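Fold and geometry: a report
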Amino acid sequence: GAVVSQHPSWVICKSGTSVKIECRSLDFQATTMFWYRQFPKQSLMLMATSNEGSKATYEQGVEKDKFLINHASLTLSTLTVTSAHPEDSSFYICSALKPGALQETQYFGPGTRLLVL
Amino acid sequence: QKEVEQDPGPLSVPEGAIVSLNCTYSNSAFQYFMWYRQYSRKGPELLMYTYSSGNKEDGRFTAQVDKSSKYISLFIRDSQPSDSATYLCAMSLYGNNRLAFGKGNQVVVIP
């Protein structure tokens with residue numbers, strides 16, 4: 001199997017505060033992790049690719065100073081939403097890339113629901 | 001034209017029926033095809049993973065890929081209420097780990 005965890009599972013914060021979300025691969029090492037955002041009844045929107053030991057690669061339109069990503073080890077990536085505002089409220093999901101026989105496969109975490117008041 | 005097209009549904013079926021889901025895509029270079037299941041308020045769970053054209057079966061689930069038609073399918077036999085979820089198709093290029101997702105298809109299995 002391939003287990004990916006996220007913490008916290010949900011968080012409520014006041015506008016202007018920063019929130020850190022952790023993504024961990026529990027039973028494999030992942031040099032690459034991804035961060036997604038999902039709105040209700042919508043598909044996943046890729047925000048950034050997190051690479052262990054190097055800077056993250058952000059998708060067009062995603063503010064890198066707003067969404068700070070740190071991939072400190074082969075099993076942990078963090079996403080920090082800085083100075084959060086109500087429009088940042090969303091479901092944030094990470095995935096970790098696990099090596100496979102043919103191609104690496106993404107395994108997803110359970111998601112973190114963020115509500116900014 | 002979107003890269004991956006998937007009818008969002010919802011699709012309602014009685015328990016025990018066969019669920020048939022499909023996606024079409026425009027990029028003929030896609031080589032890897034996946035189906036993910038996502039329960040409400042949860043992250044996607046990998047169900048099936050196939051490479052190139054052909055069929056793959058795993059228990060009640062069968063995935064089909066027809067590269068000539070740029071069409072993939074997922075069949076769920078003997079559907080159960082616990083199969084009620086959103087099913088996302090996803091695909092990627094050889095040597096590229098970025099996934100192109102369909103919108104997701106909501107399935108409701110009625111007891």
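That block above? That's the structure.
Below or above, wherever it landed, is the structure these notes cover. (Residues numbered from 1 in each chain as written. Chains lettered and ligands numbered in written order. Predicted model: local features only at pLDDT ≥ 70, side-chain atom pairs only at ≥ 80, totals over all residues. Heavy atoms only, no water.)

Overview of the interface of chain A and chain B
- In this assembly, 23 residues from chain A lie in contact with 23 residues from chain B.
- The junction of chain A with chain B conceals about 1,700 Å² of combined surface from both sides, 52% of it contributed by carbon and sulfur atoms.
- Counting every contact that joins chain A to chain B gives one salt bridge.
- Across the pair B:R98 and A:E59 runs a salt bridge, and its minimum N-O distance is 2.6 Å.
- The interface formed by chain A and chain B includes seven residue pairs in polar contact (both at pLDDT 80 or more).
- Breaking the side of chain A that touches chain B down by element, the ones donating at least two residues are strand 4 (32–38), strand 5 (44–51), strand 9 (90–98) and strand 10 (105–108) of chain A.
- Take the side of chain A that touches chain B: its biggest share by element is four residues, from strand 10 of chain A.
- Across the side of chain A that touches chain B, the residue classes break down as eleven nonpolar, eight polar and four charged. (Contact = heavy atoms within 4.5 Å. Buried area = accessible area lost by both parts, 1.4 Å probe. Salt bridge = Lys/Arg side-chain N within 4 Å of Asp/Glu carboxyl O. Polar contact = N/O pair within 3.5 Å; in protein donor to acceptor, adjacent residues only side chain to side chain. Helix = DSSP H or I, 4+ residues; strand = E, 2+ residues; numbered from the N terminus. Nonpolar A, V, L, I, M, F, W, Y, C, P; charged D, E, K, R; others polar.)

Some points on the environment of B:P81
Residue and element names in this part refer to chain B.
- Residue position: P81 is located in the loop between strand 8 (71–76) and strand 9 (85–93).
- Exposure remark for P81: the relative accessible area of 33% places this residue in the partly exposed category.
- With 26 residues separating them along the chain, P81 and V107 place their C-alpha atoms 9.7 Å apart.
- When sequence neighbours within four positions are dropped, the list of residues in contact with P81 reads E15, V109 and P111. (Buried < 20%, exposed > 50% of the residue type's maximum accessible area, 1.4 Å probe, protein only.)

Quick word on the state of the cysteines
- What the rule picks out here adds up to two disulfides over all chains.
- A sulfur-sulfur distance of 2.0 Å marks the disulfide that ties B:C23 to B:C89. Judged by the sign of its S-S torsion, about -105°, the bond between B:C23 and B:C89 is left-handed. Here B:C23 is found in strand 3 (residues 19–25), whereas its partner B:C89 is found in strand 9, with 66 residues between them in sequence. Per residue, the accessibility class of B:C23 equals that of B:C89, and both read buried.
- In this structure A:C13 is a free cysteine whose sulfur lies 18 Å from that of A:C94, the closest cysteine sulfur available. (Disulfide = S-S within 2.5 Å.)

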